[in-house]
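If you want the building blocks of each chain, they are given just below.
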Amino acid sequence: IVIAVTNPLDSVKQRWQIRQCNSAALGSFTLDIVRSEGVWSGLWKPGLATNMLACSISVGTRLGLYPSLRDALSPDGSSGGSRFASGLLGGALGYIASAPLFAASRVAQAEA
């Protein structure tokens, strides 16, 4: 749900960063997008599916791997260091798995 709510901000940010003209303020730039393309097509839709999929893979991988990594690093699971390392490694692997989808989302937003 959070991704669906914040995707318009990501879309504006991506398009703002690659825009050709530097004269428009952010508010007028956003309004121009809404006027010419509409709220859904201009702000919400670009990159929404890939962004949601990327976040689902990233978080799912992190949460799915955490118990296995924690148990492998410390069989009793009581070590704070093993819990930290498990979270760090699981998160890193989740982001590596989802990075191509995050990139595709940014490209879709920039090309909108």
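Computed from a predicted structure; not experimentally measured.

J.: Would you mind showing me how to read the pattern of salt bridges here?
T.: Side chains that differ in charge, positive against negative, can pair when their charged atoms come close. Applying the stated rule across the entire model yields 4 salt bridges. Where glutamate 37 meets arginine 15, a salt bridge forms, and the shortest distance between an N and an O atom there is 2.5 Å. Placement of glutamate 37 in helix 2 (residues 26-37) and of arginine 15 in helix 1 (residues 2-18) is noted, with a sequence separation of 22 residues between them. Note on glutamate 37: relative accessible area 31%, which makes it partly exposed. As a salt-bridge pair, arginine 35 and aspartate 32 come within 3.4 Å of each other at their nearest N and O atoms. In this pair, arginine 35 and aspartate 32 are both assigned in helix 2, 3 residues apart and thus about one turn of the helix distant. On the accessibility criterion, arginine 35 (63% relative accessible area) is exposed.

Rules and cut-offs
Residues numbered from 1 in each chain as written. Predicted model: local features only at pLDDT ≥ 70, side-chain atom pairs only at ≥ 80, totals over all residues. Heavy atoms only, no water. Salt bridge = Lys/Arg side-chain N within 4 Å of Asp/Glu carboxyl O. Helix = DSSP H or I, 4+ residues; strand = E, 2+ residues; numbered from the N terminus. Buried < 20%, exposed > 50% of the residue type's maximum accessible area, 1.4 Å probe, protein only.

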